[in-house]
Structures are given as C-alpha cells and as structure tokens.
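Spelled out from the first residue to the last, the chains are:
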Amino acid sequence: MSNLIKIDNGTASIVNDDWTIVQLPATHVEERKQAGKVVLFKLTGESTVTEEQIANTVIPATGKIIVPLSVYVERNNELASRIAQGDVGVWFATHELIDYLIQEQHDLNALPIIAIFVERFADGRIFSLGTLLRTRYGFKNELRAFGDVLRDQLFFLKRSGFNSFLVRQDRSAADAVASLNDFSKPYQGAVDEPQPVFKRYNRGA
Amino acid sequence: MYKYDEIDQQIVDERVAQYRDQVRRYLAGELTEDEFRPLRLQNGLYIQRQAPMLRIAVPYGMLSSKQLRKLGDIAKKYDKGYGHFSTRQNLQLNWPKLEDTPDILAELATVEMHAIQTSGNCIRNITTDQFVGVAPDEVIDPRAMAEIIRQWSTFHPEFALLPRKFKIAVSGTKQDRAIVQAHDIGLEFYRDSNNKVAVKVWVGGGLGRTPILGSVIREHLDWQHALTYCEAIIRVYNLHGRRDNMYKARIKILTKALGINEFRNQVEAEWTHLKDNANTITEAELARVARHFEAMPYESLPDNDAGFDAAVASNPAFAAWVKRCVHAHKQPGYRAVTLSLKPHGSAPGDITSEQMWAVADLADQFSFGELRSSHEQNLILADVKQGDLFTLWEKARANGLATPNIGLLTDIICCPGGDFCSLANAKSIPIAKAIQMKFDDLDYLHDIGDIELNISGCMNACGHHHIGHIGILGVDKDGSEWYQVTIGGKQGNDASLGTVIGRAFSAEEMPGVVQKLIEVYVKERTPEERFIDTVRRLGVPPFKAHVYAKDEVTA
C-alpha cells in the first residue's frame, strides 16, 4: 500500500509512487557529542557526505530515480541522458544548501521532482526551503517531503509549497490526509495562498 | 479590546478539534511521547512534576471581565481553584488533567481565548506595556500592531518549528516598559521626523542561560513593513540558527556568532525579496484593527477630585495604596490601578477563582469591563475615575488585592520554580515568601522605595532575574539547592544585566542577604537615589563586602 499523498489541482489523494529514492550508502560516521549529549541535528551548510559515499552510491539502471544532491552534482555526466529524458529528480537534506543545486542546475524546472528529506519532525528548515524553492527559484514541478513526515506537519508543508508527501511507513497516509485541511482560513499569506486573510475577505469596514 | 470575527473564531474552533484529535491519538498510542511533545507544547501543555501545566494565552496582556470570569470558572472546575499569572502576561493552570485539556480549550474558545503557541519552538505570545493606551508618555498605542502580529504569527507555516522559542515584544512609549531589548525581536514604535509611524527594530535579546541585550538591526522601518521584515529575520534564523544544541539555539546566539552587521546584511538581503509582498500591512487593515482599541468613552472630568483628596489626607492606609498602586493616566480625572497579586507570604502571581470573579466585577464596575495582566505578574484596571478610587480600594482590600507594595521590594517577580516546574534547579516561591515575610513592615518598605527583585528557579530565567535590581537565581550544586545573587540589573531604556556578587547562598540565608544589600543602600544613598542608582554609582564592591563580611572574619 502506497504511503504517498499528492495534491493535484487542489485535490489530495493517495497515489502510487513512480519514483525510486536512491540512498547514499551507509558510512561510519563519527558520533558527535556536545556536553555529553549526542548531537541530533546537522548544521545548515555542514558537509556530511564523503567522496567515497558518492562514488559507491548504487544507481538503478532503469526507471525514474530521485538521487542525492551530491550524487546529482558529482555524477551528472553519467546521468545526463536520463536527466534529459526527465527520469531523474534530486533530493537533499534540510542542512544542505539550495545554492549547491542551483550552481549545477540553473533551471530548476528541468527537474521533474525535488524531494527534501526531513530527518526529524522538529526540523522546521524544510518549511523555509520549500518556500524558497517556490517563491525565490520559481520551481513549479513536484515538491516532495519525505523522512520523518507525520500528519501534523502536512498543513504547514502544504502551505510552504509542498504538493507531495511520503508519510512515514509506520503511519497511515489515509488518516493523515485529513490534516491537510486542519484550518480553513489561515491568517497569513504563504506559498499556497499568497494573500493574507485581510486581503481575501472583507472583515468589516 | 480586539473582538473576534467569524474568521478568528473559526481558527480557534478548528484548533480545538485538531488538538482534541492529537490528544486522542496520543492516548490511543498512535503518537509516541516524543511525537506528542512538540504538539502539546505548541498548545501550552507541559508535563510537570506533579501534573500537567496548561499555559493560556493572554495576547499582549489584554483581558475582558467575561474572559477572566471564565478563567475563574475553569480554574474551579478543572484545577484547584487558582491560577498563576506568568511573566509573559499569560495565565497558567498547575493541576489540570491531560484528558480534560481539550475541553478546557473548548471552553476558552467560547470567550475568544486559546493556548496556541504559548510554548514550543515557535513564535510565542506578543507582549507589551501594561499601561498601553493610557500611559501619559505613550507616543503610539501598539496594540493594533500587536494584534496584527498575533494573527500573522498564528500557525505561520514557515515558522512552525523554529530552532527554539521566539518572543516578540512591542512598545510605543518614551519609557520602555515592555523590555524590548530582552526579546528575540523588539519592535519600538515611534514618530519619525515626518511625523509618520515608524519602527526601531531590536533583535537578539534574551535572558535565559546566556543573557544578552538586543542590538538595533534597523533604526527606521515604515510600519507597513513590520511583518515582512520579521519574516526576513526569522527566515535567516530558521535556516541558520543552531539546532544541534538547544542551549545555543536562540537567535541571540546566531546574532552574536555572525555579529550584528553580518546578520543585518543577511536579513536585508532576504528582505529585498520579501519587501512589499502580500503580507505588507495596509492602511485599511490597520484601521480595522485599531478601531478595537479606540479610547474608552471617558467622561469629561477635572483632574482633581475633592473627595479623593480628602480621603488621601485622612486615611494613611488609602494614601499608601494610592502612592504605590495608582498610576497616571492620559485622560484627566482617570487613573490606572494595579491590583497586587503579591500579598506577603503567598506565591507571586497566584490568584484564586474567587479573586478572578471579584476582579471581573471590579472591571465591570470601575473600568469599562477590561483589565490587563503585567509582566510583573499583577493585574491592572486601566481606566478608573479618580472619584471611584476609594470605593475600589475598599473592595480590592476585602479581596486581598490591595497590598500597597507595587514597585517595592515585596512586589517580587518570580517563576513557579521547583515546586511545579520540571526544569527548575531550585524552588523559587518559598524564597519569595520568606523575603516577603522578612520585609513585612510597610513603613520600612516604603522607605526603601522603588526596587525590583526577580527570582528564577533555573537559568532559563522565567523570573527575569538578570534584569532585577536584585536578581536571585536558583542553582544546583551537588544535588542541593543554592541561590546566586546579582545586583544592578534593570529593565527599561537604560536596561542592564546584573553582576554576580559572589558565592551562592542557601535558602535560609537569602532573606538575610537581601537585608544586607538593603542596609548598604540605606546607609549610602543620597536623598534622590533609588536602590539601582546607588548600585550604579558605587558598583558591586561595597555591597559584596557587607554581605560577605562574616565570611571574611571566619576565613
């Protein structure tokens, strides 16, 4: 059963996933600690992918694939023909920089899909990244959230420009769909509805 | 004050439904403890030592009598018959049941109240001066802007999960009473040289573990751009603020790390894209919201009431109350009144259901049915006729709300501390009570005069101890509770952070330590000096020497 929710023409439904997300191979990462506590979040701009990982990433020979940003950039030549066919999308994590993608791919709309991996529910950078991709960089195609995606983020993700949500595998996407409509008339302008409520409704003279 | 329309009402109603379902899922095991935590926190629900604590939002401190009556009802029905006003002008219930919290929110929604974003890593309640709208030194009444910011920040999708909590204060007075320099963003409204409303924007202030006063990021911003400029600031913070260490996650750490100039450059670069976007505030919207805050239908009165003057002259107890609890008003013949929630020997900021109902009645009878909460944890009736003050005093006194100690040593600002809060290192309420009992002589208190004493039970600084003239911080040393003392902190335009005087003290020593600090002041002061002035003139050494004098003898 698919756990992918997509919004198409304003209607959300659970659909089959055409895309395969390509993962970097696991690496032995040094456990980072501060004051005895294991560090949970990576800092924005922090480089965490090794050359070895990029080289060792297994890319399926056929089908539609979403590859890690570092692989997309470093192994672009190898993927060129599939990119031209529209069979390659990119994913990146919340600490990675959009600029890194722009340097490689000036026209983001050449990408059929961009996915952002949110490692932890509490990581709200994903909302700013979605907003920037839609408003600053004019990205128009599928924008997907995956990772620790639970129903109580969906409303905010939708408002931040996401139209595709891969709900965490142990949770029901069917239950989660309802949360896309938690609030009917949000106050502030955002990606999905740029006008704030005071410009959308006549709230009295 | 602001009244909801159908849109506002629908949002709080939908929030109740959303939260009710979140609680249901948690109780059914569909949400883990870790997953439920950020959800409940954004609804003001903490899991505390004894029971959950629910923090109810009082936007910029404004309450109607109807709302206060309902809060009294809720405290009676779902709690132990009392509530606690916090230093963020909110009301906290210390003993609700988790299962009851959706019903409490549903009841709050019936009186246009909620608990949205009163905790968690999001934009918190907007705070301001408790004398907003009536203070003689007010240049701009910032309540309409505060309400516009409240609406904009409510469920702002981009800023729903920030690195850490985010606090905004607004002010529009010559003398700052909203501590704008101690907030993540402080918006100081003023009239510029063209007589237009403008904003001076402060950023990166905060108390807590790393106390820092804010820096000015922009001297002049047209009011229309207040929201988009905040969006630029918070976007830079959201993307670049630290998330790997919660103690270094506030915006003040980012602004310090980058330096205010680099931070400003990044914000201004971001703002070039956001300026003039749809969230730019229109004249029409400001006018719509401002209508809710128009001046009360005041009577035309002389500024002096003969009956009042006579009562002051003949009744020393009334005169003492007037001196401390009655404040100037911009309208002739009217005064603002502080109802003290600091009777000696009880928890600062606590109020019973019966008192809430009584205050609601007083507000209806004497102050147009409205009141305010202050960050000093008292309640204010803002629009009282001078001729009504004596009657009001008698009724307030009968309800234990007329302790004439506002601005005095026993008007202690105090967090709930280790009695309730699971973050605390030490108890704070018993310290406050012990100091109040030690200084239970009103004549002596009045002689000591204006002084602010703040107590926090841990370095999160909910009691704002860094900006107390005397600040007391509970610390944990090898599992026992100790208290570190600072002096010389101050709120206001000339804000400063206090200096630690030396080694920490046990709880039993604390009243004596405060006594010694006061002794130095009384001995050294010039006739015009307040405690803070003497500290600023002399510095810490004479105070330190006297407090630790005995140590030196035995050492």
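Here, every reference points to the structure presented above.
Residues numbered from 1 in each chain as written. Chains lettered and ligands numbered in written order. Predicted model: local features only at pLDDT ≥ 70, side-chain atom pairs only at ≥ 80, totals over all residues. Heavy atoms only, no water.

1. A word on unusual backbone geometry
Where the residue is not glycine, phi is negative for most of them; where a peptide bond is considered, it is trans in most cases. Residue and element names in this part refer to chain A. Short version of the rule: Put simply, DSSP marks the helices as runs of H or I at least four residues long and the strands as runs of E at least two long, and each gets a number from the N terminus on. Note on classification: 1.4 Å probe, protein chains only; a residue is buried when its accessible area is under 20% of the maximum for its type, exposed when over 50%, partly exposed between these limits.
Positive phi, close to 50 degrees, is recorded for Asn9, a residue that is not glycine. Its place among the elements puts Asn9 in the loop between strand 1 (4-8) and strand 2 (11-15). The class of Asn9 is exposed, set by a relative accessible area of 80%.

2. Structural notes on the side chain of Arg243 of chain B
Residue and element names in this part refer to chain B. Which entries qualify depends on this criterion: For the purposes of these results, a polar contact is taken to be a pair of N or O atoms within 3.5 Å, where, inside protein, one atom must be able to donate a hydrogen and its partner to accept one; residues adjacent in sequence count only when each atom of the pair is a side-chain atom.
Considering the arrangement of structural elements, one finds Arg243 in the loop between helix 6 (226-240) and helix 7 (251-258). Residue classification places Arg243 among the buried positions, given a relative accessible area of 7%. Reaching out from Arg243, the side chain makes a polar contact with the side chain of Asn238 at a distance of 2.6 Å.

3. Description of the interface of chain A and chain B
In many analyses, interface size is given as the accessible surface area lost on bringing the parts together. Spelled out, the test is: By definition in these notes, contact holds between two residues if any of their heavy atoms fall within 4.5 Å. Note on terms: buried area is the combined drop in 1.4 Å-probe accessible area of two parts once they are placed together, counting the loss on both. By salt bridge we mean one thing: a side-chain nitrogen of Lys or Arg within 4 Å of a carboxyl oxygen of Asp or Glu. Here the term charged refers only to Asp, Glu, Lys and Arg, the term nonpolar to Ala, Val, Leu, Ile, Met, Phe, Trp, Tyr, Cys and Pro, and the term polar to all other amino acids, Gly among them.
Listed by partner, the interface residues are 43 residues for chain A and 49 residues for chain B. Interface area, chain A with chain B, both sides summed: about 4200 Å², of which 55% is carbon and sulfur. Where Arg25 of chain B meets Asp152 of chain A, a salt bridge forms, and the shortest distance between an N and an O atom there is 2.9 Å. One can count 26 residue pairs in polar contact (both at pLDDT 80 or more) joining chain A with chain B. No other element matches helix 5 (residues 125-135) of chain A, which puts 6 residues into the side of chain A that touches chain B. Of the residues assigned to the side of chain A that touches chain B, the class counts are 20 nonpolar, 11 polar and 12 charged.

4. Some details on the sheet that holds strand 13 (residues 370-373) of chain B
Residue and element names in this part refer to chain B. Filter applied, for reference: Strand pairing is defined by DSSP finding a minimum of two bridges between the two strands. Helix axes are fitted to C-alpha atoms over the stretch in contact, other axes to C-alpha atoms as well, and angles between N-to-C directions run from 0 to 180 degrees.
Spatial ordering of the open sheet is given by 3-13-14-11-10, a layout of 5 strands whose pairing is antiparallel. Each having just a single partner strand, strand 3 (62-64) and strand 10 (326-327) make up the two edges of the open sheet. When strand 10 meets strand 11 (residues 334-339), the two strands line up antiparallel, connected through 2 bridges. Bridge pairing in strand 11 links His327 to Ala336. On top of the sheet, helix 3 (residues 65-78) reaches strand 3 and strand 13; it is set at about 85 degrees to strand 3, its chief contact.

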